Amino acid sequence: MARVCRSVVPSAVEDVFAWHARPGAITRLTPPWQPVRVGAEAGSLRDGTAKLVLPGGVPWVAAHEADGYRPPHQFVDRLACPVLRWRHTHRFDAAGPGRTEVTDHVDTPVPEAFLRSMFAYRHRQLAADLAAHRRYRHDSLTVAVTGASGLVGTALTALLTTGGHQVVRLVRRPAEIPGERTWQPDAPAADLLAGVDAVVHLAGAPVAGRFDDRHRRAVGDSRIEPTRALAELAARTDGGPKVFVSASAVGYYGPDRGDELLSEESERGQGFLADVVTDWELATEPAPAAGLRVVRVRTGLVLSPRGGLLRLQYPLFAAGLGGPLGAGRQWMPWIGLDDLADVYLRALTDSVLSGPVNAVSPEPVRNAEYTRTLGTVLKRPTLLKVPSIGPRLLLGQDGARELAFAGQRVEPRRLTAAGHEFRHPRLADALGHLLGTAGDLIESAAGEPV
């Protein structure tokens, strides 16, 4: 049985087809709420093979058909599985100057209800990514990325490569494939950044955990000195990077500033995370001292069902077991994963942006409102309040204060002043997109339905 999904995106046919043909497209199009990961990308839309990995390691292998390859208007893939029919025709047809009608035609017995949210997500994602690349258009960059396999790194590297940029993944193991270089955080090789235009530094030990001495050392040691060594290397590499973008965090402002509105000009706060983030940002100083443009991305709570807070909450809230933390009055400076990737893309390509940049939604919410919104998106009750003793037992007194009950009313003042466009400034829209409940129609922000 045929299943069809159509929308119109404001991009030329050639650009839409080229986006699909570049590395990272399948990663950008895979819905984050589905229990599947990308095992391998197809090397060619003409006759390559892509592999997705289902729960339990079960492979989903899709082979592209040479007979259906008609650039820039069509490519076809077929599932290599004897028990499930799946033939997917991707069509791209001109719908006026600079506009393309995108059609997904799938011949499969899979129920339409299962496919509807998936293809709505794919069309929204395609249109939003193309729009981001138009806004931050730049000659092809070669970008070295640490932490490329993490939650943010995976999204960002795929966004970069689908935009025509080259990514060099800096890995702490022996390099195994083209595009990887071995990075020793304490003593990076002298030629590590040779031929690189920009650096994105994301690596660091997870902050979540019980705040004992061992955890504190891991958080600080994985950030401060490795950042300094990388910034010093970038500064002294002849013909090397001109831009250094480093992850940072809103923990800079301290765990509890009440209702104070916090911008990039606000004073630093108190506490362990404020101390670490301050030293982390200072560790980038060798780069601007050598004339590099440096952006420090102070990130809030990153929302994705593939990692972070939402990954932990999703199964609980889906089962109707969610609720506010304590009184629920603490502010939550959140940002959707794709919006965060856009901030990094802008940091790389916008020559005006420098210094600390708050990567948060322009509409922060209190924990109680966040809880209600997540419950509404999932159509589940949120009546089970989480007592304050729970996070304290799990994280320790300091960990609970700086993580679970931290409240920062942070605003993205520099991004707002620069006219930055967020894909999902409202929490309900961000959660609906990330969790597959945003509706069946392709919304106007992501393209026009046919």
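Conventions and cut-offs
Residues numbered from 1 in each chain as written. Predicted model: local features only at pLDDT ≥ 70, side-chain atom pairs only at ≥ 80, totals over all residues. Heavy atoms only, no water. Patch = residues over 30% accessible without salt bridge, like charges linked within 9 Å, V, L, I, M, F, W, Y side chains within 5 Å. Areas by Shrake-Rupley, 256 points an atom, 1.4 Å probe, with all protein chains shown as cover. Salt bridge = Lys/Arg side-chain N within 4 Å of Asp/Glu carboxyl O. Helix = DSSP H or I, 4+ residues; strand = E, 2+ residues; numbered from the N terminus. Axes fitted to C-alpha atoms, helices over the stretch in contact; angles between N-to-C directions. Parallel < 35°, antiparallel > 145°, perpendicular 65-115°, else oblique. Contact = heavy atoms within 4.5 Å. Nonpolar A, V, L, I, M, F, W, Y, C, P; charged D, E, K, R; others polar. Phe/Tyr/Trp six-rings, centres within 6.5 Å; stacked < 30°, edge-to-face > 60°. Buried < 20%, exposed > 50% of the residue type's maximum accessible area, 1.4 Å probe, protein only. Lys NZ or Arg CZ within 6 Å of the ring centre and 35° of its normal. Pairing = 2+ DSSP bridges. Core = buried A, V, L, I, M, F, W, Y, C linked by side-chain atoms within 4.5 Å. pLDDT = per-residue confidence, 0-100. Expected span 1.5 Å × (residues − 1).

> Any chance you could explain a nonpolar patch on the surface here in plain terms?
There is a patch of nonpolar side chains on the surface, built from Leu316, Leu321 and Leu384 and spanning about 270 Å² of accessible area. Along the polypeptide, Leu316 turns up in helix α9 (residues 308–318).

> Looking at this structure, I do not really get the packing of helix α1 (residues 13–21) against helix α3 (residues 112–135). What am I missing?
Helix-helix packing is described using two parameters, namely the angle between the two axes and the distance between the axes. It is the contact of α1 with α3, at a shortest axis distance of 11 Å, that shows an interaxial angle of 105 degrees. As far as their axial angle goes, α3 and α1 are roughly perpendicular. Contact with α1, carried on its side by Asp15, Val16, Trp19 and His20, involves Leu126, Asp129, Leu130 and His133 of α3 and no other residues of that element. Looking at side-chain class alone, the contact of α1 with α3 contains 4 nonpolar, 2 polar and 2 charged residues.

> How should the packing of aromatic side chains be read in this particular structure?
Here the distance between the centres and the angle between the planes together describe a pair of aromatic rings. Here the structure, examined in full by the defined rule, presents 8 aromatic pairs. A ring pair is formed by Phe17 and Phe75, whose centres lie 6.1 Å apart and whose planes are at 80 degrees; its orientation type is edge-to-face. With Phe17 in helix α1 and Phe75 in strand β5 (residues 74–79), this residue pair connects regions lying 58 residues apart in the sequence. Each member of the pair, Phe17 as well as Phe75, carries the same accessibility label: buried. Considering the side-chain rings of Phe17 and Phe92, the 6.0 Å spacing of their centres and the 85 degrees angle between planes classify their relative orientation as edge-to-face. You can see Phe17 sitting in helix α1 and its partner Phe92 sitting in strand β6 (residues 87–94), a full 75 residues away along the chain. Above the plane of the ring of Phe272 lies Arg216, whose end atom (NZ or CZ) is 5.1 Å from the centre. We note Arg223 situated over the ring of Trp280; from NZ or CZ to the ring centre the distance is 4.9 Å.

> Before we go on, may I ask you to explain the sheet that holds strand β18 (residues 355–359) in this structure?
Hydrogen bonds between backbone groups are what pair the strands of a sheet, and the pairing can be parallel or antiparallel. As summarised here, the arrangement of the 7 strands in space is β10-β9-β8-β11-β12-β14-β18, forming an open sheet in which the pairing is parallel. Every other strand in the sheet has two partners, leaving β10 (180–182) and β18 as the edge strands with one partner each. Going across the sheet, the axis of each strand differs from the next one's by a mean of 25 degrees, ignoring polarity. Judged from the 3 bridges that link them, strand β9 (residues 166–171) and β10 form a sheet pairing that is parallel.

> Can you help me understand the nonpolar core in this one?
Among soluble globular proteins, nonpolar side chains are generally buried collectively. Val200, Val245 and Tyr344 are the most contacted members of the largest nonpolar core, which has 43 residues in total. The biggest single contributor to this core is helix α10 (residues 337–349), with 8 residues. With residues up to four places along the chain from it excluded, the contact list for Tyr344 reads Val152, Leu156, Val200, Leu202, Val245, Ala247, Val297 and Thr299. Counting 17 residues, the second largest nonpolar core, distinct from the first, contains Val168, Leu230, Phe244 and Val294.

> I tried to follow the confidence of the model for the protein on my own but got confused; where do I start?
Low-confidence regions, as indicated by low pLDDT, have predicted coordinates that should not be scrutinised in detail. In this model, the protein carries an average pLDDT of 93, and 97% of its residues clear a pLDDT of 70 or more. Within the model, the stretch residues 441–450 combines pLDDT values under 50 with 26 contacts to residues more than four positions away or in other chains.

> Whenever I open this one, helix α4 (residues 151–162) confuses me. Can you help?
An α-helical turn contains 3.6 residues, so any two residues separated by three or four positions project in the same direction. Taking 1.5 Å of rise per residue, the 12 residues of α4 would be expected to cover 16 Å, and the 17 Å separating its terminal C-alpha atoms lies within 8% of that figure. All buried positions along α4 are accounted for by Val152, Gly153, Ala155, Leu156, Thr157, Ala158, Leu159, Leu160, Thr161 and Thr162. Of the residues flanking the end of α4, it is Gly164, one or two places downstream, whose phi is positive at about 95 degrees.

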